[in-house]
Amino acid sequence: MGTQSDIKLIDENGLRLDGRSAGDLRPIRIEAGVLERADGSAMIEWGGNKIIVAVYGPREAYPKHNQDINRAIVKARYNMAAFSVDERKRPGPDRRSIEISKVLSEALSAAIMVEQFPRAQIDVFIEVLQADAGTRIAGLTASSVAIADAGIPMRDFVTGCTAGKVDGKVVLDLSKEEDNFGQADLPVAALPKSGKIVLMQMDGDLSVEEFETATSMIMNAIPRINEIQRNALSSRVKVEGGGGE
Ligand code: UDP
C-alpha cells in the first residue's frame, strides 16, 4: 500500500481511473496448451498482466528425501521477469517471490488429487512477463488450467480474485495504481464448486463490514472467472480434436 493518499482513484460518478465500476473485473483471457515441451501449460492476460505457466509431472520427487510416501508434493515457483515491472526487478528469488511460491503451492495442493501420486512431485513454473497488480491470483488461476491441461486429476479448479479499498470504497480486482495507492488489498482464491477458500492474504486494513463486502464481491466474481478457465480448456480440446464441433 502506498503512502500517496492525495491521488484520486475514484471520481465523483464512482468510476475508477480505467472507467470501471466498483464490482467490474478487468478483461481476462486464458489460453491452454501454449508450450510444446511442457506437460501442461497456460497463458493468462488479466488487465495488463501477462503470465505463462508450465507444468511438469507427476514425476518421481528428487532429491529422494523430499518424497512423501503418501502423496505428491506440489512445487509452484513464482518468478517475475526483470522487465515485467516499471523499475527493473533484480533477477532471482526474493522474500516476496518465495512467500508467493509457498502460498500458491499450498493452494494448488488443496485442489490436486495428490494422494494418487505417492513419492511424486508436480512442478508448476509461473513466469510473470508483465505485471499489473494481482499477479499471484492471475498466476494461480492460470496454474489450475495448466495442471488440468497436463491431465493431472483435480478435485476442482483454483480460481482467484482480489478486492481492496480505494479512496475509502471497497472495489473488485485492483489495478496497479489502486494497489499502490489504495488502503487495502485482499487476494483470495477458492475451489469454485465447494466455495472452499484455499488462499487469503491481506495487506492494509479493512473493517469487518468492509471485509465482508470485499469477500462477497470476490465470491461473486469467482464463477465468472471459472467460466473463462473452463472455456480455455474446452477450446484446447477442440483444437486437439481437429478444430471442429
Ligand atoms: N511490483 C513491482 N515490483 C516488485 C513487486 C511488485 O513493480 O518487485 C508491482 C507489480 O505490478 C505487482 C504489484 O506491484 O503486480 C502488486 O504487488 P503485490 O506484492 O501486491 O502482488 P500481486 O498483487 O502482484 O499479487
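Up top is the structure.
Predicted model, so just to flag it, every value in this text is computed and none were measured. (Residues numbered from 1 in each chain as written. Predicted model: local features only at pLDDT ≥ 70, side-chain atom pairs only at ≥ 80, totals over all residues. Heavy atoms only, no water.)

Student: Just checking my understanding: could you explain the side chain of Q121 for this structure?
Tutor: Following the sequence through the fold, Q121 ends up in strand 5 (residues 120-130). Polar side-chain contacts of Q121 include one of 2.9 Å to the side chain of D123. (Helix = DSSP H or I, 4+ residues; strand = E, 2+ residues; numbered from the N terminus. Polar contact = N/O pair within 3.5 Å; in protein donor to acceptor, adjacent residues only side chain to side chain.)

Student: Honestly, helix 2 (residues 135-149) in this entry has me stumped. Any pointers?
Tutor: Every α-helical turn comprises 3.6 residues, leaving residues that sit three or four positions apart pointing alike. Taking 1.5 Å of rise per residue, the 15 residues of helix 2 would be expected to cover 21 Å, and the 20 Å separating its terminal C-alpha atoms lies within 8% of that figure. Burial runs high along helix 2: 14 of the 15 residues are buried. Positive backbone phi, approximately 75 degrees, marks G151, located one or two places after helix 2. (Expected span 1.5 Å × (residues − 1). Buried < 20%, exposed > 50% of the residue type's maximum accessible area, 1.4 Å probe, protein only.)

Student: Is there a simple way to explain the packing of helix 1 (residues 95-111) against helix 2 in this structure?
Tutor: The relative placement of two packed helices comes down to the angle between their axes together with the axis-to-axis distance. Two elements in contact, helix 1 and helix 2, have axes separated by 11 Å at closest approach and are oriented at 40 degrees. The pairing of helix 1 with helix 2 is recorded here as oblique in orientation. The crossing of helix 1 and helix 2 is right-handed. Touching R96, E99, I100, L104, A107 and L108 of helix 1 are T135, R136, L140, S143, S144 and I147, all from helix 2. Partitioning the contact of helix 1 with helix 2 into residue classes produces 6 nonpolar, 3 polar and 3 charged. (Axes fitted to C-alpha atoms, helices over the stretch in contact; angles between N-to-C directions. Parallel < 35°, antiparallel > 145°, perpendicular 65-115°, else oblique. Left-handed = near helix turned anticlockwise from the far one by under 90°. Contact = heavy atoms within 4.5 Å. Nonpolar A, V, L, I, M, F, W, Y, C, P; charged D, E, K, R; others polar.)

Student: Sorry if this is basic, but what is going on with the environment of Y78 here?
Tutor: Structurally, the position occupied by Y78 is in strand 4 (residues 73-80). Setting aside residues up to four positions removed in sequence, Y78 forms contacts with R96, S97, I100, S101, L104, I126, V128, T135 and R136. A polar contact of 2.7 Å, which involves the side chain of Y78, links it to the side chain of T135.

Student: Help me out: how do you make sense of unusual backbone geometry in this one?
Tutor: Negative phi values dominate among residues other than glycine, just as trans dominates among peptide bonds. Cis geometry is adopted by the peptide bond preceding P58, which originates at G57 and carries an omega value of 0 degrees. With respect to the secondary-structure elements, P58 resides in strand 3 (residues 49-60). Backbone geometry at D173 places phi at a positive 55 degrees, although glycine is not the residue there. Exposure remark for D173: the relative accessible area of 2% places this residue in the buried category.

Student: Can you walk me through the sheet that holds strand 3 in this structure?
Tutor: Note: strands within a sheet are paired through backbone hydrogen bonds, in either parallel or antiparallel orientation. Taken in spatial order, the 5 strands make up an open sheet running 1-2-3-5-4, and their pairing is mixed. Looking at strand neighbours, the two that pair on one side only are strand 1 (28-32) and strand 4, the edges of this open sheet. Strand-to-strand twist in this sheet, taken as the mean axis angle between neighbours without regard to direction, amounts to 15 degrees. Strand direction decides the pairing type here: strand 4 and strand 5, joined by 8 bridges, are parallel. Note on strand 5: the bridge partner recorded for K75 is D123. Helix-sheet contacts for helix 2 involve strand 1, strand 2 (40-46), strand 3, strand 4 and strand 5, and the interaxial angle to strand 2 is about 150 degrees. Of the strands in this sheet, strand 1 and strand 2 touch helix 4 (residues 208-240), which is tilted by about 30 degrees from strand 1. (Pairing = 2+ DSSP bridges.)

Student: Sorry, what's going on with the site of the ligand here?
Tutor: Around the ligand, the neighbouring residues are M80, V85, R96, A131, D132, A133, G134, T135, R136, K176, D179 and D185. One of the side-chain nitrogen or oxygen atoms of R96 is found 2.7 Å away from an oxygen atom of the ligand. Contact between the ligand and A133: an oxygen atom at 2.8 Å from a main-chain N or O atom of the residue. Of the pockets mapped on this structure, the ligand occupies the largest pocket. At the level of elements, helix 2 and helix 3 (176-181) are the ones that each hand at least two residues to the shell around the ligand. Classifying every residue of the shell around the ligand by side-chain character gives 4 nonpolar, 2 polar and 6 charged. (Near = heavy atom within 4 Å. 1 Å grid on protein atoms, 1.4 Å probe; cavity = no way out; pocket = protein on both sides within 12 Å on 5 of 7 lines; lining within 4 Å. Sits in = over half its atoms within 2 Å of the grid points.)

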